[in-house]
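# Architecture at a glance
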There are 2 protein chains.
Amino acid sequence: MTELKNDRFIRALLRQPVDVTPVWMMRQAGRYLPEYRATREKAGSFMQLCGNPELACEVTLQPLERFPLDAAILFSDILTIPDAMGLGLYFTEGEGPRFKNPIRTEAQIKALGVPDPEQELRYVMDAVRLIRRELAGRVPLIGFSGSPWTLATYMVEGGSSKDFRTIKAMLFERPELLDQLLDTVARSVALYLNAQIAAGAQTVMIFDTWGGALTPSDYCRFSLKPMERIIASLQREYNGKKIPVILFTKNGGQWLEAMTDTGADALGLDWTTDLADARRRVGGQVALQGNLDPSVLYASPPHIREQVGKVLASFGKGNGHVFNLGHGIHPGIPPEHVTAMVTAVHELSMPYHQ
Amino acid sequence: MTELKNDRFIRALLRQPVDVTPVWMMRQAGRYLPEYRATREKAGSFMQLCGNPELACEVTLQPLERFPLDAAILFSDILTIPDAMGLGLYFTEGEGPRFKNPIRTEAQIKALGVPDPEQELRYVMDAVRLIRRELAGRVPLIGFSGSPWTLATYMVEGGSSKDFRTIKAMLFERPELLDQLLDTVARSVALYLNAQIAAGAQTVMIFDTWGGALTPSDYCRFSLKPMERIIASLQREYNGKKIPVILFTKNGGQWLEAMTDTGADALGLDWTTDLADARRRVGGQVALQGNLDPSVLYASPPHIREQVGKVLASFGKGNGHVFNLGHGIHPGIPPEHVTAMVTAVHELSMPYHQ
């Protein structure tokens, strides 16, 4: 495989020295880009876009053509695994993802199979292989999955939820049954991420979007532990290269110490945690990724630059910072505001790496 | 005025000994109660219910008839102040509160007046006086207001928001203008809460629903500081009785130390913070109120009792705990599940107070 021309993202995740702070954005291939909307139109539906490796590759590369980003992330959905398990994923206008066959009974949980990534999820692996080839070493490719708890919320609720009524009833009434569901999902995620690594992903990230809706002890048992088991079974080196693992629990700022002990190389942070505090709390054991408030990008370029400067200053000098938003980019952001952010990260971070 | 027959809520807020842990629920007068839905029907709209002191009194007392709660809370809306400022509050089905005249320009901010609580908000003060009389000392009455930041988000966005696009653009581009808006709102809140105290409120609570959407430094400047100024100007004693102040920032678990320094008597906590940790962090300076995950009430009574036991155990022995949910009760909860919770709090907390 081609050598990486720009490896500062990988180096920062491994807490090695870099010239400037690397930057990418969650949902960087997304609706804020007119070229994304055009490809999406061409594909038909969102799922047809995810399911077509050529088009998934096309949208993955689009933001790199516009902005000097330091990483690409596979364009896909977090719900591919439950869909491959037979739950029947579909999208409704305004309501987000839904499942035709939610999982609620003990019999359904026991009947759930672990999908073979090169069979039922072949379209994702093909996309990884194609993107990796098309990237030709420009920047590293990030593979990803939703966390078991996050996937389970959609699987049990049948879609998005405000209060997680059904899965929390299961959590309080039949915790061992939920453990079983999470175990099947965790084994599926581990296989899926290892297959992405074998297909060419150079970093993997676990998105725990809904772990922050739990109490500390429930988070530990039902979200963190399954993620820890996944991390323990991941290939951490492939073809002689380290494969860093990033863990991101939205609203998980209170639990950084516990997240640090999972064996992840880096933690993603939303904007409610100060990077200087976080750095002190994780004690140099992991790199940190984040954490500009995505709403900053609604402001004008000079104000974006000012806020980027504050985030860089809060991390300060030294290794182990990847710049990112604290959550996915909002669909209404003008692309030139992203240019202002990326440029500011590279320019303003230089003094912190001298 | 009548002496309180049950003062354990006030005593717990002041960290004095009690026989059992006092308990009340955010949104205890609400849609989960059939009798509330009947009164609401009778009133016409939600705002007509808030605006009618007799009906507001009726729904305030309803949960006390059913459950041995240790406090009553004024039935009202957090948006009465901006409505009194002339923004034109109305409610739409499914979309929540909206303002006819959102505040977005410098001229609008400069033109905002501070409402006189006994004039434009007279209906609220009348409700407080009536409820206090009808309570006849059974339990204390809690008055409340939204925090300046929380009120400002609705005032600027014109309603509920997911990403706070407009107010955050103001925050990043014209922070001093936002300071000015928050200052007017803070002065209005202080007057409003002092008027509630004069009308009979025996505790006041500030609801900072959206402070948790800010970065730590923005939280400090735009949410916490205005609340601190309000607390400094509140009547803390009335007719020879202490008036405790409770501060609640949803998703504020990372900032408890800063909240402790505001001078509040108690902090409200959502369920993402462990009470034992919180207690250690606030170092006996304030009481703590919370923090059962409201979704526990979807589970069956024996499981509710089990989870109540965990919350009580996490606080442990000693003074300064008021039991509550970590957020408002969900509308779909069966009332008998609330009975299970309240009974469990009183029964299971006895050993912690011996």
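As a starting point, this report considers the structure included with it.

## Focus: the sheet that holds strand β11 (residues 321-325) of chain B
Residues and elements named next belong to chain B. Spatially, the seven strands line up as an open sheet ordered β1-β4-β5-β8-β9-β10-β11, and their pairing is parallel. Edge positions in the sheet fall to β1 (72-73) and β11, since each has one partner strand and no second. Judged from the five bridges that link them, strand β4 (residues 141-146) and strand β5 (residues 203-208) form a sheet pairing that is parallel. Paired with glycine 146 across the bridge in β5 is phenylalanine 207.

## Notes on the pairing of strand β2 (residues 89-92) of chain A
All names here are of chain A. As paired elements, β2 and strand β3 (residues 96-99) share four bridges and run antiparallel to each other. When the sheet's bridge partners are listed, tyrosine 90 is paired in β3 with arginine 98. Here β2 hands over to β3 after three residues, with glycine 94 in that stretch at a positive phi of 80°.

## Considerations on the pattern of salt bridges
Side chains bearing opposite charge may pair, as long as their charged atoms lie close to each other. Enumeration over the complete set of coordinates arrives at 44 salt bridges over all chains. For A:Arg8, the salt bridge identified is with A:Asp70, shortest N-O distance 2.7 Å. A residue pair is termed long-range when its members are at least 10 positions apart, and A:Arg8 in helix α1 (residues 8-13) and A:Asp70 in the loop between α4 (53-66) and β1 (72-73) qualify at 62 residues. The pair formed by A:Arg8 and A:Asp70 is uniform in burial state, with each residue classed as buried. With a closest N to O distance of 2.9 Å, B:Arg129 and B:Asp126 form a salt bridge. A residue pair is termed a helical-turn pair when its members lie 3 or 4 positions apart in one helix, as B:Arg129 and B:Asp126 do in helix α7 (residues 122-135) at three residues. Judged by relative accessible area, B:Arg129 falls into the partly exposed class, the value being 29%. Salt bridges sharing common partners tie together A:Glu106, A:Lys110, A:Arg174 and A:Glu176.

## Observations concerning the packing of aromatic side chains
The relation between two aromatic rings is expressed through the spacing of the ring centres and the mutual angle of the planes. Summed over all chains, the structure comprises 15 aromatic pairs over all chains. Ring centres of A:Tyr219 and A:Trp255 lie 4.2 Å apart, and the angle between their planes is 20°; this geometry places the pair in the stacked category. Of this pair, A:Tyr219 sits in helix α11 (residues 216-232) while A:Trp255 is found in the loop between β8 (245-249) and α12 (256-260), placing the two residues 36 residues apart along the sequence. A relative accessible area of 1% means that A:Tyr219 is categorised as buried. With 6.4 Å between their ring centres and 90° between their planes, B:Phe207 and B:Phe248 make a pair best called edge-to-face. With B:Phe207 in strand β5 and B:Phe248 in strand β8 (residues 245-249), the pair connects residues that are 41 residues apart, well separated along the chain. Judged by relative accessible area, B:Phe207 falls into the buried class, the value being 12%. Over the ring of A:Phe315 we find A:Arg279; its NZ or CZ atom is 4.0 Å from the centre of that ring.

## A short note on the environment of B:Pro148
Residue and element names in this part refer to chain B. Considering the arrangement of structural elements, one finds proline 148 in helix α8 (residues 148-157). Of the residues examined, proline 148 reaches a relative accessible area of 0% and is grouped as buried. Separated by 59 residues in the primary sequence, proline 148 and phenylalanine 207 place their C-alpha atoms 9.3 Å from one another. Not counting the four nearest positions on each side in its chain, proline 148 is found in contact with Leu182, Val185, Ala186, Pro226, Met227 and Ile230.

## Some thoughts on the pairing of strand β10 (residues 287-292) of chain A
It is a general feature of regular strands that their side chains alternate between the two faces of the sheet. All names here are of chain A. Burial within β10 is extensive, with six of its six residues counted as buried. In terms of strand pairing, strand β9 (residues 266-268) meets β10 through three bridges, oriented parallel. Opposite alanine 266, over in β10, you have alanine 287 as the bridge partner. Taking the sense of rotation as the criterion, the β-α-β connection linking β9, helix α13 (residues 275-282) and β10 turns out right-handed. Inspection of the sheet shows β10 paired to strand β11 (residues 321-325) by five bridges, in the parallel sense. Across the sheet, the residue bridging to glycine 290 is phenylalanine 323, located in β11.

## A look at the relation of the copies chain A and chain B
The two copies are related by a screw operation: chain A maps onto chain B through 180° of rotation and 0.0 Å of translation along the axis, at an RMSD of 0.0 Å. Both copies of the chain, as the preceding transformation shows, are related through a two-fold rotation axis. Among all residues of chain A, the one whose C-alpha sits closest to the rotation axis is A:Gln254, at a distance of 3.0 Å.

## What to know about the interface of chain A and chain B
The interface is formed by 28 residues belonging to chain A together with 28 residues belonging to chain B. Between chain A and chain B, a total of about 2,600 Å² is buried, with carbon and sulfur atoms accounting for 52% of that surface. On the chain A side of the contact with chain B, A:Phe172, A:Gln254 and A:Tyr298 bury the most area, a combined 25% of that side's loss. There are two salt bridges connecting chain A and chain B. Put simply, B:Asp293 and A:Lys168 hold a salt bridge, and the shortest N to O gap is 2.8 Å.

## A look at the sheet that holds β10(A)
Residue and element names in this part refer to chain A. Reading across the sheet, the seven strands line up as β1-β4-β5-β8-β9-β10-β11 and stay open at both edges, with parallel pairing between neighbours. Each end of this open sheet is capped by a strand with a single partner; those strands are β1 and β11. Contacting β4 (141-146) and β5 (203-208), helix α10 (residues 175-199) crosses the sheet at an angle of about 170° to β4.

Conventions and cut-offs
Residues numbered from 1 in each chain as written. Chains lettered and ligands numbered in written order. Predicted model: local features only at pLDDT ≥ 70, side-chain atom pairs only at ≥ 80, totals over all residues. Heavy atoms only, no water. Pairing = 2+ DSSP bridges. Helix = DSSP H or I, 4+ residues; strand = E, 2+ residues; numbered from the N terminus. Salt bridge = Lys/Arg side-chain N within 4 Å of Asp/Glu carboxyl O. Buried < 20%, exposed > 50% of the residue type's maximum accessible area, 1.4 Å probe, protein only. Phe/Tyr/Trp six-rings, centres within 6.5 Å; stacked < 30°, edge-to-face > 60°. Lys NZ or Arg CZ within 6 Å of the ring centre and 35° of its normal. Contact = heavy atoms within 4.5 Å. Right-handed = clockwise from strand over helix to strand, strands pointing away. Least-squares fit on C-alpha atoms with pLDDT ≥ 70 in both. Buried area = accessible area lost by both parts, 1.4 Å probe. Axes fitted to C-alpha atoms, helices over the stretch in contact; angles between N-to-C directions.

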